[in-house]
Amino acid sequence: MKATAMSTLLVASSALFAATPPIAHFTVDDVDLRTYQDAGQAIPAAIFPEAPQTNGPFRSSCNVFLVIDGASRILVDSGNGAPRGSLAALLERDGVAPGSITDILVTHEHHDHLGGLLEADGKPAFTNATLHMWWPKAEPRAPESSFRQTYRGYRLNLFADPATARLPAGFTAEAAAGHTPHHVFFRKGRLLFIADAFHAIDLQFDHPELCAKWDADRDAAVKVRRTLLDRAARAGDGLVLCGAHIPFPGAGSFSGKAALSTWHELE
Ligand SMILES: [Zn+2]
């Protein structure tokens, strides 16, 4: 399938730490997809204990995605929150009122994905949104009750099984445990939101066996990466990978074998 994406890069910068964090707009099959760079990020080689230490730091990013489809305005994750995160300022600059966000798909429980959900006073940053998140019944570390208490300002859809999750705007969920026990992908059409499957594509596209030290279950994380790369190679432009830590704008496809050399950014 030929990609039918077009882009308007409102503010572009290839610098790792841009003075003005960038916003990208895409149209993918009639869906309005936007990337906000919540934080610029470069990852030191030491984060990958098994990688050659002479390489790095590696390009990275902290991306938050917005999908607008009809009346649905759906964020995928929420970034770091203040003061490190830029999401709130970027939404304002992009003319998106926080109260207009209808849903937030949370890929996992790490701070760079949950941090933007609450204001400093504990109130919800997105007053009309429903939070959707995978909450495996066997998860021992973080009781569901404390999560419900912390995020009580939101409507919560904590689903026990990604395969049967009820999600807005035709989204589906896919279990991708490994990075964390809650780590989940979200899919809508050709868009596949792959959260933290990759922290440094310069290293891990060609070496999926290398884990960042943040991967909780390393064997499972490697398996998730390998399976994803095989699938993305077969799909070509039929699958647009949208990664939280893929260098901005964080979205793209492979042409042929999945490798850094065949990766092309969405445009
Ligand atoms: Zn992350």
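Values in this document were obtained by computation on a predicted structure and should not be read as measured data.

Visitor: So what about the sheet that holds strand β10 (residues 184-188)? Which residues, and what values?
Guide: Ordered in space as β9-β10-β11-β12-β13-β14, the six strands form an open sheet in which the pairing is mixed. The open sheet has two free edges, formed respectively by β9 (172-175) and β14 (263-265), since each of these has just one partner strand. For this sheet the average axis-to-axis angle between neighbouring strands, irrespective of direction, equals 30°. Judged from the four bridges that link them, β9 and β10 form a sheet pairing that is antiparallel. The partner of Ala-175 across the bridge, within β10, is Val-184.

Visitor: Describe in detail the environment of Ala-163, supporting the description with residues and values.
Guide: Its location among the elements puts Ala-163 in the loop between β8 (155-159) and β9. The exposed category is assigned to Ala-163, around which 9 C-beta atoms lie within 10 Å. Ala-163 sits 10 residues away from Ala-173 along the chain, and the two C-alpha atoms are 6.3 Å apart.

Visitor: Which residues make up the nonpolar core, and what values go with them?
Guide: Among the nonpolar cores identified, the biggest contains 70 residues, and Leu-192, Phe-193, Ile-194, Val-240 and Cys-242 are the most heavily contacted of them. Among the elements that take part in this core, strand β4 (residues 58-69) stands out by supplying six residues, more than any other. Once you skip the residues sitting within four places of it in the chain, Cys-242 turns out to touch Phe-65, Leu-191, Leu-192, Phe-193, Ile-194, Gly-250 and Ala-251.

Visitor: Hey, could you go over the pairing of β10 for me, with residue numbers and the actual values?
Guide: Most of β10 is tucked away: four of the five residues are buried. Pairing of β10 with strand β11 (residues 191-195), which is carried by three bridges, proceeds in the antiparallel orientation. Looking across to β11, one finds that Arg-187 is bridged to Leu-192. Taken together, β10 and the strand that follows it, β11, pair antiparallel across an intervening segment of two residues, in which Gly-189 is found at a positive phi of about 60°.

Visitor: Report on the confidence of the model for the chain, specifying residues and quantitative values.
Guide: Summarising the model, the chain shows a mean pLDDT of 90, and 91% of its residues fall at 70 or more. This stretch, residues 1-18, has a pLDDT under 50; its non-local contacts, to residues over four places away or in other chains, come to 31 contacts.

The rules we used
- Residues numbered from 1 in each chain as written.
- Predicted model: local features only at pLDDT ≥ 70, side-chain atom pairs only at ≥ 80, totals over all residues.
- Pairing = 2+ DSSP bridges.
- Helix = DSSP H or I, 4+ residues; strand = E, 2+ residues; numbered from the N terminus.
- Axes fitted to C-alpha atoms, helices over the stretch in contact; angles between N-to-C directions.
- Buried ≥ 20, exposed ≤ 12 C-beta atoms within 10 Å, placed from the backbone.
- Core = buried A, V, L, I, M, F, W, Y, C linked by C-beta atoms within 7 Å.
- Contact = placed C-beta atoms within 7 Å.
- pLDDT = per-residue confidence, 0-100.

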